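# Results of the structural survey
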Amino acid sequence: MKKSLVWQIIGAFILAIIAGIIFGEKIEVVAPLGDLFLRLIKFIIVPLILATLVVGVTSTSDVKKLGRLGGKTITYYLATSLIAISLGLAAGYVFSPGTGTGLTLDGANDVTPTETEGVVQTLLNIIPTNPLEALATGNILQIIFFAIFIGIAITLVGERAKPVQQFFDGFAEVMYKVTTMIMTIVPIGIFGLLAPVVGKYGASVLLPLIKLIIAMLIACLIHVIIVYSITVKTLGKMSPITFLKGIFPAAAVAFSTSSSSGTLPVTMKCAQENLKVSQETSSFVLPLGATINMDGTAIYQGITVVFIAQYFGMELTFAHLATVVLIGTLASIGTAGVPGAGLIMLTMVITAIDLPIAGLALVAGIDRILDMMRTSVNVIGDASASVVIDSSEEKREAKTA
Ligand code: ASP
């Protein structure tokens, strides 16, 4: 990836902030530029996930190895999510963002909790009854299921399924090329997405909740700079600086789009080109991560639960905290990689420990800002997994070779 792109992205950030401050809500006129970019990037997600996952599975060519890859990936995802939610809770206690906000609950009725399905049904829903419908409606988990299944079957069929494998191989390459083309307008897209956000959230909206925003920012930075640096360095054998530099474009796109699914094409590109993660690992670990691994969302849940409890003057017991860790981890897995999904899943955690649902209204006003931060962490977390898993696989291959 070209070096100049990084500078263009930084330039777009700065310009967006300046333009947002100067023009306020009027800067909304540039929103179509953001939409243009979002649509371009979204249209490749479904074919990209399908093609790359099938290729990821077939290039593994050994079902046992695939199981090992899956096991390691999910273990890493779970472990980092648990750390993230604990960090969120700790940040909530250290910064006490729920005290002295001066907020009232006028908007309480704006937020309606959504019904969440039972665990069994949620798991069953991963199996598409009609894969074409899953593709048409963009149901990512179902598409992942379909792609992995097809990939395994292609491997088992062997010679006669070669043409199918080659088709997906070529198709995946085409999708990477499309991504490369779209990447050239990333800075314009970032400007179009960010400037209206800056324009809309003037200081007056942010100030009452500034403590919450800062607490979230610090927790996210700690998670990225400390936790991922340690995993990437010790398990992934990569310098944290190289890692952070390499993943920066994807983090910037995640920050401006608030969607880890939407960022997936860029994440894959950064992982493969800048972090030199093999196609085999990245095409398996990253689509899965964009759907189930949400460390930023886990941090957010920890912090906001403490925030809401403090606001209503409620003490959280150890049992409450343990419940938050457990349900919060599950909720972050169930969160879709789209804007605002974390806020909806927060209902699950809040009701699990009997906090007032009205508390959601307190965070709803600034949720977009928190979403930008958590989505960046979500994406960086996925990329860290790809580095770690890739390195562990190489080691194993080197040993067995
Ligand atoms: N927007 C987040 C993402 O796409 C999910 C969330 O709302 O927490 O990763």
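See above for the structure.
In what follows, the accompanying structure is described. Since the model is a prediction, treat every value here as computed from it, not as a measurement.

Okay, unusual backbone geometry next. Residues other than glycine seldom take positive phi values, yet Ser96 does so here, at roughly 40°. Looking at where Ser96 falls in the secondary structure, it is placed in the loop between α4 (63–95) and α5 (119–124). What makes Ser96 partly exposed here is its relative accessible area of 24%. Although it is not a glycine, Asp354 sits at a positive phi angle of roughly 60°. Here Asp354 lies in the loop between α17 (341–352) and α18 (359–364).

A word on the site of the ligand. Taken together, 17 residues lie around the ligand, and Ser260, Thr297, Gly342, Asp371 and Arg374 are the ones closest in. In the environment of the ligand, an oxygen atom lies 2.7 Å from a nitrogen or oxygen atom belonging to the backbone of Gly342. A distance of 2.7 Å separates a nitrogen atom of the ligand from a polar atom in the side chain of Asp371. Relative to its free-state accessible area of 270 Å², the ligand is covered by the protein chains to the extent of 100%. Broken down by secondary-structure element, the contributors of at least two residues to the shell around the ligand are α17 and α19 (367–400).

Along an α-helix, residues three or four positions apart point the same way, because every turn accommodates 3.6 residues. With 33 residues, α4 extends 48 Å from end C-alpha to end C-alpha; this agrees with the ideal 48 Å at 1.5 Å per step. Looking one or two residues past α4, Ser96 carries a phi angle of roughly 40°, positive in sign.

The next subject is the environment of Ala352. The residue Ala352 is located in helix α17 in this model. A sequence separation of 32 residues divides Ala352 from His320, and the C-alpha atoms of the two residues are 8.6 Å apart. The contacts of Ala352, once residues within four sequence positions are left out, are Thr323 and Ile327.

Before going further, it helps to examine the pattern of salt bridges. Evaluated as defined, the whole model comprises six salt bridges. For Lys72, the salt bridge goes to Glu393, with nearest N and O atoms at 2.6 Å. In this pair, Lys72 is assigned in helix α4 and Glu393 in helix α19, connecting sequence segments 321 residues apart. A salt bridge links Arg374 to Asp371; the nearest nitrogen and oxygen atoms lie 3.3 Å apart. Residue Arg374 and its partner Asp371 are both found in helix α19; the two are separated by three residues, about one turn of the helix.

Attention now moves to the state of the cysteines. Across all of its chains, the model carries zero disulfides by this definition. With no disulfide of its own, Cys220 has Cys270 as its nearest cysteine by sulfur position, at a separation of 19 Å.

Moving on: the packing of α4 against helix α14 (residues 279–292). One can describe the packing of α4 onto α14 by two numbers: an axis separation of 11 Å at closest approach and a directional angle of 40°. By the angle between their axes, α4 is oblique relative to α14. In this structure, α4 meets α14 at a crossing whose hand is right-handed. For the pair formed by α4 and α14, the contact residues are Lys65, Leu66, Leu69, Gly70, Thr73 and Tyr77 on the first element and Glu280, Phe284, Val285, Leu288, Gly289 and Ile292 on the second.

It is worth spelling out the packing of α4 against helix α16 (residues 318–334) at this point. Contact pair α4 / α16: the axes reach a minimum separation of 9 Å and the direction vectors enclose 130°. Comparing the axis directions of α4 and α16 gives the class oblique. Two packed elements cross with a definite hand, and for α4 against α16 that hand is right-handed. Along the contact surface, α4 presents Leu78, Ser81, Leu82, Ile85, Leu89 and Tyr93, while α16 presents Leu321, Val324, Val325, Gly328, Thr329, Ser332 and Ile333. Here the contact of α4 with α16 is composed, by residue class, of nine nonpolar, four polar and no charged.

The grouping of Leu217, Leu221, Ile222, Ile225, Ile226 and Ile230 at the surface amounts to a nonpolar patch, some 510 Å² of accessible area in total. Using a relative accessible area of 43% as the deciding quantity, one classes Leu221 as partly exposed.

Enumeration according to the criterion identifies six aromatic pairs in this entry. Relative to Phe149, the ring of Phe145 has its centre 5.3 Å away and its plane inclined at 40°; by these criteria the two rings are tilted. Here the residue Phe145 and the residue Phe149 both occupy positions in helix α7 (residues 140–157), the gap between them amounting to four residues, near one helical turn. Geometrically, the ring pair formed by Tyr311 and Phe312 is edge-to-face, given 5.1 Å between the ring centres and 80° between the ring planes.

Parameters at a glance
- Here the residue numbers are simple positions, counted from 1 along each chain's written sequence.
- Under the rules for a predicted model, residues below a pLDDT of 70 receive no local features and side-chain atom pairs below 80 are neither given nor counted, while totals for whole chains, interfaces and linings still include all residues.
- Computation of side-chain values covers all heavy atoms of the structure but excludes hydrogens and water.
- Comment: elements are numbered from the N terminus, with helices defined as DSSP H or I runs of at least four residues and strands as E runs of at least two.
- Per-residue accessibility, obtained with a 1.4 Å probe over protein chains only, is compared with the maximum for each type, and a residue is labelled buried under 20%, exposed over 50%, and partly exposed between these values.
- A single heavy atom is enough: if one lies within 4 Å of a molecule or strand, its residue is considered near that molecule or strand.
- The term polar contact refers here to a pair of N or O atoms within 3.5 Å; inside protein, the definition further demands a hydrogen-donor-capable atom paired with an acceptor-capable atom, and it admits residues adjacent in sequence only when both atoms are side-chain atoms.
- For every accessible area listed, the method is Shrake-Rupley and the probe measures 1.4 Å; residues are considered covered only by the protein chains on display.
- Expected helix span is computed as 1.5 Å times (number of residues minus one).
- Here a residue-residue contact requires only that any non-hydrogen atoms of the pair lie within 4.5 Å.
- Every case where a carboxyl oxygen of Asp or Glu lies within 4 Å of a side-chain nitrogen of Lys or Arg is listed as a salt bridge.
- By convention in this document, the label disulfide applies to cysteine sulfur atom pairs within 2.5 Å.
- For helices, the fitted line uses only the C-alpha atoms of the stretch in contact; every axis is such a line through C-alpha atoms, and the angle between N-to-C directions lies from 0 to 180 degrees.
- An angle below 35 degrees is read as roughly parallel, one above 145 as roughly antiparallel, one from 65 to 115 as roughly perpendicular, and any other as oblique.
- If you view the pair so one helix is near and one far, a crossing is left-handed when the near helix is turned anticlockwise from the far one by less than a right angle, and right-handed when it is turned clockwise.
- Residues are sorted three ways: Asp, Glu, Lys and Arg are charged, Ala, Val, Leu, Ile, Met, Phe, Trp, Tyr, Cys and Pro are nonpolar, and all the rest, Gly among them, are polar.
- Within this analysis, patches are made of residues with over 30% relative accessible area and no salt bridge. Like charges are joined at 9 Å or less; nonpolar side chains (Val, Leu, Ile, Met, Phe, Trp, Tyr) at 5 Å or less.
- Ring pairs shown here join Phe, Tyr and Trp side chains whose ring centres sit within 6.5 Å, with only the six-membered ring taken for Trp; geometry is labelled stacked below 30 degrees between planes, edge-to-face above 60, and tilted in between.

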